[in-house]
Amino acid sequence: MTQAPTPTADTVRRLVSSLLKDGASGAAGPEVRPVAEGGEHSTWWVGGRHVLRLAPDREAALRQRRELRLRDLVRPHLPVAVPTSVAHGEWAPGLTYTLDTKVPGGSAEEHDVSAVGEADLAGLLTGLREVPARQAETLGLPRTAPRSLEALRRAAEHAAGRLAAADEFDAARLHQLTPAAAVQLAAQPGTAVLVHHGLKGEHLVVSADGRVRGILDWTDAAVGDPAEDIAGLAIAVGSPAAVRAATLAGYGARPCLRGLWLARCDTVIRLAERLEDRTPDPPPLLRVQLRRAWEAILLERVTELRDEEADEEL
């Protein structure tokens, strides 16, 4: 099997020069620099107005081609911006690129989301639910089965024990998710919608005033459990904000609490894996995400109270 080439600054400059001709002979092109430091770069800033994304392998190229079509499908349904491709093609045989316009703003890791921004997130969740799932599937999007919350709970319990030994987490907190609750919060049939599946802080474009201006990177989108996007928001902006946005979007207690517990279990597992050097994610970010996912929400207290009242009536 032929090894895929590694994109370099020279690779990017030559490609950008062919795409952004300014008519000035010999003029220097826009500055190019990798979005993140270290590693093999596949995403580059191009000047101040564009982002170049290079697919590093054929699987990524397939998902990028699908993403370009998906962005056109979802754009009319969403109240926030979706990047627009000004040029796309192949940067190496079988490996695609897309040169996108930059969505103005920072990330959710840089700016807090305001109350109005939570309404933007509600509009995002509402819009995703309105995209015809069958139409999305015709673009090649997979349909994913809901994850087992009980299996995730068991994995998180093991991870919580490792975190407790490292003085990173109080493992007793995970006892709030009981086996009975895991069954109660199982995904319901017929609830699959278009799911972004990557609502990380870095993929939320947030302005300085806390408005959510855009959503980046649609390559992992699928038709599946809407609780996955609620979980992503819990990790990105905190559980209270995520649940408020989901409630405003019309989701009830079950998907909100399910998303909350997906986020909580995932963050416990990911931090434990990082402490064992099994993932490259920076520990400080994983600790922040763990804290966000474990922020208490009013819905939990109300649900507990209703359960107690129901028990008394029985």
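Everything that follows concerns the structure shown earlier in this document.
How each quantity is defined
- Residues numbered from 1 in each chain as written.
- Predicted model: local features only at pLDDT ≥ 70, side-chain atom pairs only at ≥ 80, totals over all residues.
- Heavy atoms only, no water.
- Helix = DSSP H or I, 4+ residues; strand = E, 2+ residues; numbered from the N terminus.
- Rg over C-alpha atoms; globule rule 2.2 N^0.38 Å.
- Buried < 20%, exposed > 50% of the residue type's maximum accessible area, 1.4 Å probe, protein only.
- Areas by Shrake-Rupley, 256 points an atom, 1.4 Å probe, with all protein chains shown as cover.
- Lys, Arg positive; Asp, Glu negative; His and termini not counted.
- Charge placed at Lys NZ, Arg CZ, Asp CG, Glu CD.
- Pairing = 2+ DSSP bridges.
- Axes fitted to C-alpha atoms, helices over the stretch in contact; angles between N-to-C directions.
- Contact = heavy atoms within 4.5 Å.
- Core = buried A, V, L, I, M, F, W, Y, C linked by side-chain atoms within 4.5 Å.
- Arc of directions from axis to C-beta.
- Salt bridge = Lys/Arg side-chain N within 4 Å of Asp/Glu carboxyl O.

1. Side note on the overall build of the protein chain
Right, so step 1: When you go through the protein chain residue by residue, the secondary structure sums to eleven helices and ten strands.
Right, so step 2: For 314 residues, the compact-globule estimate of 2.2 N^0.38 gives 20 Å, and the protein chain sits close to it at 21 Å.
Right, so step 3: Principal-axis analysis of the C-alpha atoms places the extent of the protein chain at approximately 80 × 45 × 40 Å.
Right, so step 4: Here the protein chain holds 314 residues, and 45% of them are scored as buried.
Right, so step 5: Accessible surface computed for the protein chain: about 15800 Å², of which carbon and sulfur atoms make up 52%.
Right, so step 6: Each charge class in the protein chain was averaged separately, 37 positive and 44 negative side chains, and the resulting centres sit 6 Å apart.

2. Brief notes about the sheet that holds strand β1 (residues 32-34)
To summarise the sheet geometry, strands pair through backbone hydrogen bonds and adopt either a parallel or an antiparallel arrangement.
Right, so step 1: Taken together, the five strands give an open sheet; going across it, the order is β1-β2-β3-β5-β4, and neighbouring strands pair in antiparallel fashion. Each end of this open sheet is capped by a strand with a single partner; those strands are β1 and β4 (85-92). For this sheet, the mean inter-axis angle between neighbouring strands, taken without regard to orientation, is 25°.
Right, so step 2: Helix α1 (residues 9-19) contacts β1, β2 (43-46), β3 (50-54), β4 and β5 (95-101) of the sheet and is inclined by roughly 120° relative to β3.

3. Comments concerning the sheet that holds strand β8 (residues 204-206)
Right, so step 1: The three strands lie next to each other as β6-β8-β9, forming an open sheet whose pairing is antiparallel. What marks the edges here is a single partner per strand, and that holds for β6 (106-107) and β9 (212-215).
Right, so step 2: Across three bridges, the pairing between β8 and β9 is antiparallel. Opposite V206, over in β9, you have V212 as the bridge partner.

4. A short note on the side chain of T279
Right, so step 1: Within the element layout of this structure, T279 appears in the loop between α9 (253-275) and α10 (283-293).
Right, so step 2: Using a relative accessible area of 18% as the deciding quantity, one classes T279 as buried.
Right, so step 3: Apart from residues lying up to four places away in sequence, T279 is in contact with R270, E273 and R274.

5. Comments concerning the environment of H50
Right, so step 1: Along the chain, H50 falls in strand β3.
Right, so step 2: Spatially, the C-alpha atom of H50 lies 9.7 Å from that of V32, the residues being 18 residues apart in sequence.
Right, so step 3: Setting aside its immediate chain neighbours within four residues, H50 contacts L20, W44, W45, V86, L99, D100, T101 and K102.

6. Description of the nonpolar core
Right, so step 1: Core analysis: the largest hydrophobic core is formed by 69 residues, its most contacted members being L70 and L194.
Right, so step 2: Ranked by residues supplied to this core, first place goes to α9 with eleven residues.
Right, so step 3: With residues up to four places along the chain from it excluded, the contact list for L70 reads L139, L141, L194, W218 and A221.
Right, so step 4: Residues V12, V32, L95 and L99 belong to the second largest nonpolar core, which totals 14 residues.

7. Structural notes on α1
Right, so step 1: Within α1, the full set of buried residues consists of T11, V12, L15 and V16. Viewed end-on, α1 has its buried residues packed into an arc of 120°, placing them on one side of the element.
Right, so step 2: Structurally, α1 contributes buried residues whose contacts are with β1, β2, β3, β4 and β5.

8. Here's the deal with the pattern of salt bridges
Right, so step 1: The final tally for this structure, using the stated rule, is 27 salt bridges.
Right, so step 2: The partner of D220 in a salt bridge is R63, with the nearest N and O atoms 3.2 Å apart. With a gap of 157 residues between them, D220 in the loop between β9 and β10 (222-224) and R63 in helix α2 (residues 58-74) connect regions that are remote in the sequence.
Right, so step 3: Between R154 and E150 there is a salt bridge whose closest N-O contact spans 3.1 Å. In this pair, R154 and E150 are both assigned in helix α5 (residues 149-165), four residues apart and thus about one turn of the helix distant.
Right, so step 4: One network of salt bridges, with partners in common, ties together R53, E67, R71, D100 and D217.

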